[in-house]
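Per-entry structural report
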Amino acid sequence: MWQERNQMKCPFCGNEDQRVLDSRPAREGEANRRRRECVECNRRFTTFEEPERPRLFVEKRNGTREEFSRDKCFNSMLIACRKRGVPIDVLRSSVERIERDLFQEFEDEAPTQHIGDKVLAELFEIDSVAYVRFASVYKKFDTVSDFQHIIDSVTRGKAEPSILSN
Ligand SMILES: [Zn+2]
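Residues numbered from 1 in each chain as written. Predicted model: local features only at pLDDT ≥ 70, side-chain atom pairs only at ≥ 80, totals over all residues.

The next thing to look at is the overall build of the protein. Helices and strands together make up the secondary structure of the protein, namely five helices and six strands. Rg of the C-alpha trace for the protein: 23 Å, well past the compact-globule value of 15 Å for 166 residues, more than 25% over. Seen through its C-alpha atoms, the protein measures out along the principal axes to roughly 75 × 35 × 20 Å. The 166 residues of the protein split such that 17% are buried. When contacts within the protein are restricted to residue pairs at least 6 apart in sequence, those whose partners lie at least 24 apart make up 43%. (Helix = DSSP H or I, 4+ residues; strand = E, 2+ residues; numbered from the N terminus. Rg over C-alpha atoms; globule rule 2.2 N^0.38 Å. Buried ≥ 20, exposed ≤ 12 C-beta atoms within 10 Å, placed from the backbone. Contact = placed C-beta atoms within 7 Å.)

Over its 15 residues, helix α3 (residues 112-126) extends 21 Å from the first C-alpha to the last, a length consistent with the 21 Å expected when each residue adds 1.5 Å. What α3 keeps buried is the set Ile-115, Lys-118, Val-119, Leu-120, Glu-122, Leu-123 and Phe-124. Those residues of α3 that are buried lie in contact with β4 (57-59), α1 (70-80), α2 (88-105), β6 (109-111) and α4 (128-138). (Expected span 1.5 Å × (residues − 1).)

The next point concerns the domain arrangement of the protein. Domain boundaries assigned for the protein yield domain 1 (1-51) and domain 2 (57-163). In this structure, domain 1 and domain 2 have C-alpha centres spaced 43 Å apart. (Domains from an automatic or database assignment.)

In structure tokens form, the structure reads like this:
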């Protein structure tokens, strides 16, 4: 375990050989932190290794693009769930699921509608009031029948974002 084949240049002398003194997960296992000692100058340094985070862009309705933001997604769900007593953990796993699905389905760009529909599907399972709230904003409801329509879908127990007008 001492000698790993994963070498770096020593930041002090440039030598590429070092002993790894300690290797441990960081950031909840998403990264790896290694304490190293240069075999040439004996000085110690730390390397921090993590996978490069994939980037996904979202094409909005008006044609502009922005990077998908997990925080933004989470916040919009948080607003929809206001005062509904939904545990933060539940929302956090929802967002993780949405993000994971998006990265699986799309190479580098996803239509904004797709993300909204995924949020709707998640909220449908979590809290029906939050679901209706989110739908009313996301689908830009402007008539009572729009609300009626989505409430009907709740009653039927089936999320049907696709049949709603945009
Ligand atoms: Zn060195």
